[in-house]
Amino acid sequence: EYIAAFPPDVQEKLNKVRQVIREAAPDAEETIKYAIPTFVLGKNLVHFAGYKHHIGFYPTPSGIEAFKEQLAPYKQSKGAVQFPLDQTLPYDLIRKIVEFRVGENLK
């Protein structure tokens, strides 16, 4: 329902982000927290959300810090990064960050 509320081109990107997360964290549970899609593996793993001009990806501060060099081209904050909708999303990087977060959550 969340993804269906966006225009088709944004839905496509959101669905791909969701697919990448599901593949990288097959044991994670999907839910909605803070009104956005969330994956939980023991505790919050990652969140993502659609906006007018970007997709927000929230891998916690540790996920941002661990990949700060690869994330440097994107606007970011302590626990979030913005992937502009007018650019190709870095799906391989998203996968690596999710895999990193899975390792953290399983410790």
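Placed above this text is the structure.
Everything numeric here is computed off the predicted structure, so don't read it as measured data. (Residues numbered from 1 in each chain as written. Predicted model: local features only at pLDDT ≥ 70, side-chain atom pairs only at ≥ 80, totals over all residues. Heavy atoms only, no water.)

*Asks:* How do you make sense of the overall build of the chain when you look at a structure like this?
*Replies:* Looking only at helices and strands, the chain has four helices and six strands in total. In the chain, the succession of helices and strands from N to C terminus is α-β-β-β-β-α-α-β-β-α. Relative to the 2.2 N^0.38 estimate, which gives 13 Å for 107 residues, the radius of gyration of the chain is 13 Å and therefore close to what a compact globule would have. By its C-alpha atoms, the chain is 40 × 30 × 20 Å across when sized along the principal axes. At a minimum sequence separation of 6, the contacts of the chain that also span at least 24 residues come to 49%. Accessible area of the chain: about 6,200 Å², with a carbon and sulfur share of 51%. Averaging the positions of the 14 positive and the 13 negative side-chain charges in the chain gives two centres separated by 5 Å. (Helix = DSSP H or I, 4+ residues; strand = E, 2+ residues; numbered from the N terminus. Rg over C-alpha atoms; globule rule 2.2 N^0.38 Å. Contact = heavy atoms within 4.5 Å. Areas by Shrake-Rupley, 256 points an atom, 1.4 Å probe, with all protein chains shown as cover. Lys, Arg positive; Asp, Glu negative; His and termini not counted. Charge placed at Lys NZ, Arg CZ, Asp CG, Glu CD.)

*Asks:* Quick question: what am I supposed to make of the pairing of strand β6 (residues 81-84) here?
*Replies:* Consecutive side chains along a regular strand alternate between the two faces of the sheet. Here β6 shows a clear split, with Val-81 and Phe-83 buried on one side and none of Gln-82 and Pro-84 buried on the other. Looking at chain direction, strand β4 (residues 54-58) and β6 are connected through four bridges and run antiparallel. Each residue of the ladder has a partner; that of Ile-55, found in β6, is Phe-83. Where strand β5 (residues 75-76) folds back onto β6 in an antiparallel hairpin, the turn is made up of four residues. (Buried < 20%, exposed > 50% of the residue type's maximum accessible area, 1.4 Å probe, protein only. Pairing = 2+ DSSP bridges.)

*Asks:* What should I look at first to understand the nonpolar core in this one?
*Replies:* In globular proteins that are soluble, nonpolar side chains generally tend to be buried together. Ranked by internal contacts, the top residues of the largest apolar core, which has 31 residues, are Ile-21, Leu-45, Phe-57, Leu-71, Ile-94 and Val-98. Mapped by element, the contributors of at least two residues to this core are α1 (8-24), β2 (36-41), β3 (43-50), β4, β6 and α4 (91-106). With residues up to four places along the chain from it excluded, the contact list for Ile-21 reads Phe-39, Val-46, Phe-48, Phe-57, Ile-94 and Val-98. (Core = buried A, V, L, I, M, F, W, Y, C linked by side-chain atoms within 4.5 Å.)

*Asks:* Can you help me understand the packing of aromatic side chains in this one?
*Replies:* The relative placement of two aromatic rings is captured by the distance of their centres and the angle of their planes. Counted according to the given criterion, the structure contains four aromatic pairs. Ring centres of Tyr-74 and Phe-83 lie 4.9 Å apart, and the angle between their planes is 85°; this geometry places the pair in the edge-to-face category. The buried category is assigned to Tyr-74, whose relative accessible area is 16%. Aromatic rings pair up to connect Phe-57, Tyr-74 and Phe-83 into one cluster. Positioned over the ring face of Tyr-91 is Lys-16, at 5.6 Å from the centre of the ring. (Phe/Tyr/Trp six-rings, centres within 6.5 Å; stacked < 30°, edge-to-face > 60°. Lys NZ or Arg CZ within 6 Å of the ring centre and 35° of its normal.)

*Asks:* Would you explain the pattern of salt bridges in this entry?
*Replies:* Here the idea is simple: oppositely charged side chains can pair when their charged atoms come close. Applying the stated criterion to the full structure yields five salt bridges. Salt-bridge contacts for Arg-18 lead to Glu-30; the nearest nitrogen and oxygen are separated by 2.6 Å. Remark: Glu-30 occurs in strand β1 (residues 29-33) and Arg-18 occurs in helix α1; sequence separation between them is twelve residues. For Arg-18, a relative accessible area of 28% corresponds to the partly exposed category. The class of Glu-30 is partly exposed, set by a relative accessible area of 33%. The salt bridge partner of Glu-23 is Arg-95, with a shortest N-O separation of 3.3 Å. Within this pair, whereas Glu-23 is found in helix α1, its partner Arg-95 is found in helix α4, the two being separated by 72 residues in sequence. (Salt bridge = Lys/Arg side-chain N within 4 Å of Asp/Glu carboxyl O.)

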